[in-house]
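Report on the structure
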Amino acid sequence: MGKVVALIASAGKGSRMQSGIEKPYLTIGSKPILAHTLAALDLCREIDEYVIIVDPGRQTDCRHLVVDRYGFTRVRKIVQGGETRQESVYQGLKSLNADTTTVVVHDRSEELG
């Protein structure tokens, strides 16, 4: 079986939440929403790796505040998103390696937000 990659579009502004913090980094309990998302995906052993798509210029912040801090080892890339969700997913698709055979796209975690 080939490699399965999950794209996680996390370039949300959280404007409906009227917060000065971008939605992926808002905390629920003691963790950012993005950390909850990655923890849930970690339960699915069929997914080999993740590509996180973030706001332009936030790749280092995402790695430091979420990926490294909470020890998510299946994150292979953090890429810059686009102006819309569709553009962001497209950027994630463009970043995939040739050995990727299956792609799953994480949809919003509205139940958390």
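Summary of the structure given here. Small disclaimer: the values here were computed from a predicted structure and weren't measured. (Residues numbered from 1 in each chain as written. Predicted model: local features only at pLDDT ≥ 70, side-chain atom pairs only at ≥ 80, totals over all residues. Heavy atoms only, no water.)

**Some words on the side chain of Glu 49**
One can find Glu 49 in strand β4 (residues 49-54). Residues contacting Glu 49, with those up to four places away along its chain left out, are Lys 3, Val 4, Val 5, Ala 6, Arg 74 and Arg 76. (Helix = DSSP H or I, 4+ residues; strand = E, 2+ residues; numbered from the N terminus. Contact = heavy atoms within 4.5 Å.)

**Focus on helix α3 (residues 85-94)**
Buried within α3 we find Ser 88, Val 89 and Gly 92. Buried residues along α3 cover an arc of 100° about the axis, so they all sit on one side. Among the exposed residues of α3, those pointing more than 90 degrees away from its buried face are Gln 86 and Lys 94. Tucked into the core, α3 has its buried residues touching β1 (3-10), β4, β5 (75-80) and β6 (100-106). (Buried < 20%, exposed > 50% of the residue type's maximum accessible area, 1.4 Å probe, protein only. Arc of directions from axis to C-beta.)

**Quick word on the side chain of Lys 3**
Mapped onto the elements, Lys 3 comes out in strand β1. Looking at Lys 3, the relative accessible area reads 14%, which means it is buried. Only 2.9 Å separates the side chain of Lys 3 from the side chain of Asp 99, close enough to count as a polar contact. Setting aside anything within four residues of it in sequence, one finds Lys 3 in contact with Asp 48, Glu 49, Asn 97, Asp 99, Thr 100, Thr 101 and Thr 102. (Polar contact = N/O pair within 3.5 Å; in protein donor to acceptor, adjacent residues only side chain to side chain.)

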